[in-house]
Amino acid sequence: MTRMTQHGISTTQAGQEQYETFYSSRRGRRITRVMYDYRTAEGDLFSVVAPTLQECRHKRDEWLAKRDK
């Protein structure tokens, strides 16, 4: 159970980020993934799953750059 959602809806507030690490298995190997949510001050939600928090934030920054054009 995740603390990032309630009844399937993100609990991330405006201007806030939330993330959780979880583990999955692929072909018998355990892999780490980070589930990441970011909500802009305007209320737009960005969500991604990536191997690291750094990669999640990089993807968020790319999304913000495209959005601001």
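It should be emphasised that the depicted structure is a prediction, and the values quoted were computed from it without experimental measurement.

Draft legend 1. Structural detail: the pairing of strand S4 (residues 29-39). Relative to S4, strand S3 (residues 16-26) is paired through eleven bridges, and the arrangement is antiparallel. Bridged to Ser 24 within S4 is Ile 31. From the end of S3 to the start of S4, which pair antiparallel, there are two residues, and Arg 27 there has a positive phi angle of about 50°. The sheet contact formed by S4 and strand S5 (residues 45-50) spans six bridges and is antiparallel. Its bridge partner lying in S5, Tyr 36 is registered against Val 48.

Each value, and the rule that gives it
- Residues numbered from 1 in each chain as written.
- Predicted model: local features only at pLDDT ≥ 70, side-chain atom pairs only at ≥ 80, totals over all residues.
- Heavy atoms only, no water.
- Pairing = 2+ DSSP bridges.
- Helix = DSSP H or I, 4+ residues; strand = E, 2+ residues; numbered from the N terminus.

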